[in-house]
Amino acid sequence: MVAPRLASDRVLEPLEGKDPTIATICSHSSLQIFHGARLEGFRTLGIARGKAPRFYDAFPLAKPDMFLTLPKVTEIGEHAERLRREAAVLVPTGSFVEYVGPERFSKLPVPVFGNRRVMEWESDREKERVWLEGAGVRMPRKYTDSSEVDGPVIVKYYGAKGGRGFILAKNRHELDNFRIVEPHVIQEYVIGTRYYIHFFYSPLNDKGYRCGDGSLELLGMDRRDEANIDELYKLGSQEELLRSGIRPTFVVTGNVPVVLRESLLPEIFEIGEKIVERSIDLFGGMVGPFCVEGIMTEKLEFYVFEISTRIVAGTNVYINGSPYSDMVAPGLSTGRRIALELKRAMAEDRLAEILS
Ligand code: AMP
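Before going into details, it helps to say that this report is about the structure given with it. (Residues numbered from 1 in each chain as written. Predicted model: local features only at pLDDT ≥ 70, side-chain atom pairs only at ≥ 80, totals over all residues. Heavy atoms only, no water.)

**As for the side chain of E226**
- In this structure, E226 sits in strand 11 (residues 214-228).
- Here the side chain of E226 touches R194 through a polar contact of 3.2 Å, side chain to side chain.
- The contact partners of E226, leaving out residues within four places of it in the chain, are R194, Y196, F250, V251 and V252. (Helix = DSSP H or I, 4+ residues; strand = E, 2+ residues; numbered from the N terminus. Polar contact = N/O pair within 3.5 Å; in protein donor to acceptor, adjacent residues only side chain to side chain. Contact = heavy atoms within 4.5 Å.)

Listed below in structure tokens is the structure:
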């Protein structure tokens with residue numbers, strides 16, 4: 001089967017007869033993206049605000065070959081011509097899309113790795129739920145009114161950024177003590193252990209774990225370190241902390257590697273597979289790296305609370321390969337996997353299936 005064509009000839013025009021340059025913002029997982037690209041023989045370009053960051057000097061194998069520096073990253077559209085001249089292929093990351101803005105990013109006249117249409121489905125929590133529930137994936141229950149609450153809940157403000165603006169309540173009575181004014185969603189608080197699962201969907205690969213038009217790979221898993229929630233228990237009970245004006249926050253400060261009980265892997269693959277297949281029906285498919293973020297309960301049921309549809313920073317714990325990716329290819333990082341996919345698409349003349 002051939003995957004849907006995502007990119008028009010116009011989008012691919014700057015790559016005609018040229019070797020692509022892998023480009024991304026100088027943040028998030030850029031070291032890994034540049035390192036992987038270089039291993040596969042690509043030129044690399046770092047996009048930075050102000051001046052070229054010095055920290056790359058400490059990592060010569062991951063330092064981009066060139067920089068595009070801008071006064072403001074939101075002005076990237078004005079530099080599209082330079083990026084097209086360099087035959088840039090932009091690799092989206094959480095930081096890249098957030099700094100540029102999803103709307104502006106999706107309209108950039110420069111080839112992007114993956115399907116840009118995924119952004120509208122991921123950036124809107126309601127649409128994301130339609131996609132994931134439509135895929136038949138178990139999600140935390142969503143309460144439409146606080147009167148329905150019959151257990152622990154997490155309240156998420158719509159505008160909440162970077163893990164701030166959450167409220168935790170053990171029951172309805174406790175929830176009623178909070179004055180919640182801004183637009184928000186009340187979600188079942190799932191008790192268990194968190195896993196952030198790094199998948200890669202290749203529409204080009206006709207071997208391995210077949211899924212959709214291609215195949216699904218598991219490249220790693222991490223758990224996020226979140227301040228202050230992870231260490232809060234050391235200070236006392238939630239009630240005591242609240243009385244002292246200390247509220248829980250979920251600000252990601254780092255990542256740690258994890259593996260899952262092997263007997264749970266079949267279920268995890270089925271979840272990844274269903275999400276990919278639904279994405280093909282809804283918007284022509286999600287291509288490349290994505291992360292399924294969820295909680296495994298004591299009943300060994302996995303609840304998905306979020307999906308990130310691009311490389312996640314948790315993959316940085318595996319720049320030299322993970323316990324899973326090493327069984328796909330030794331030393332394989334997600335950054336290197338992106339470069340490999342691009343290389344294969346070029347060799348098979350199938351760029352339109354992986355770029356948009
Ligand atoms: P989110 O902004 O949805 O990625 O959530 C941020 C963090 O809140 C996650 O990394 C989890 O630690 C926690 N979290 C989110 N939703 C839930 C949930 N339904 N149950 C338990 N913890 C959650």
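And the narrative resumes.
**A look at the sheet that holds strand 2 (residues 43-49)**
- The sheet built from four strands is open, its strands ordered 3-2-1-4 with parallel pairing. The open sheet has two free edges, formed respectively by strand 3 (66-70) and strand 4 (88-90), since each of these has just one partner strand. Pairs of neighbouring strands in the sheet enclose a mean axial angle of 30°, with direction left out of account.
- Both strand 1 (residues 21-25) and strand 2 contribute to a ladder of five bridges, which runs parallel. Residue pairing across strands places T21 opposite R43, the latter belonging to strand 2. (Pairing = 2+ DSSP bridges. Axes fitted to C-alpha atoms, helices over the stretch in contact; angles between N-to-C directions.)

**With respect to the site of the ligand**
- Surrounding the ligand, one finds 16 residues, the nearest of these being K156, Q187, V190, Y196 and E226.
- For the ligand, a nitrogen atom lies 2.9 Å from a polar atom in the backbone of E188.
- V190 is positioned such that a nitrogen or oxygen atom in its backbone is 2.9 Å from a nitrogen atom of the ligand.
- The protein chains hide 93% of the 470 Å² of surface that the ligand would expose on its own.
- Tallied by class, the residues present in the shell around the ligand amount to nine nonpolar, one polar and six charged.
- Split by domain, the residues of the shell around the ligand number at least three in each of domain 1 (9-137 + 192-226 + 255-353) and domain 2 (142-191 + 233-244). (Near = heavy atom within 4 Å. Areas by Shrake-Rupley, 256 points an atom, 1.4 Å probe, with all protein chains shown as cover. Nonpolar A, V, L, I, M, F, W, Y, C, P; charged D, E, K, R; others polar. Domains from an automatic or database assignment.)

**Here's the deal with the pairing of strand 9 (residues 193-202)**
- With nine of 10 residues buried, strand 9 lies mostly within the body of the structure.
- Alignment of strand 9 against strand 13 (residues 288-296), held across nine bridges, turns out to be antiparallel. Paired with H198 across the bridge in strand 13 is C291.
- Relative to strand 11, strand 9 is paired through seven bridges, and the arrangement is antiparallel. Bridge pairing links Y196 to D222 in strand 11. (Buried < 20%, exposed > 50% of the residue type's maximum accessible area, 1.4 Å probe, protein only.)

**Digging into unusual backbone geometry**
- Here A227 and N228 are connected by a cis peptide whose omega angle stands at 0°.
- Within the secondary structure layout, N228 lies in strand 11.
- Unusually for a residue other than glycine, A87 sits at a positive phi of about 55°.
- Note that A87 resides in the loop between helix 3 (80-85) and strand 4.
- You can call A87 buried: its relative accessible area is 0%.
- In this model, L300 sits at a positive phi of 60°, which is unusual for a non-glycine residue.
- Structurally, L300 can be placed in the loop between strand 13 and strand 14 (302-308).

**Section: the state of the cysteines**
- In total, this model carries zero disulfides according to the counting rule given.
- Looking at the unpaired C291, the closest cysteine sulfur is the one in C211, lying at 16 Å. (Disulfide = S-S within 2.5 Å.)

**Examining the environment of E40**
- Take E40: it is sitting in the loop between helix 2 (30-39) and strand 2.
- The contacts of E40, once residues within four sequence positions are left out, are R336, A339, L340 and K343.

**Things to note about the pattern of salt bridges**
- Tallied over the entire structure, the rule returns 29 salt bridges.
- E226 is the salt-bridge partner of R194, the closest N and O atoms lying 3.2 Å from each other. With a gap of 32 residues between them, R194 in strand 9 and E226 in strand 11 connect regions that are remote in the sequence.
- Taking the shortest distance from any N to any O, the salt bridge between R337 and E217 comes out at 2.7 Å. You can see R337 sitting in helix 11 (residues 334-347) and its partner E217 sitting in strand 11, a full 120 residues away along the chain.
- When salt bridges that share partners are traced, they join R344, E348, R350 and E353 into one network. (Salt bridge = Lys/Arg side-chain N within 4 Å of Asp/Glu carboxyl O.)

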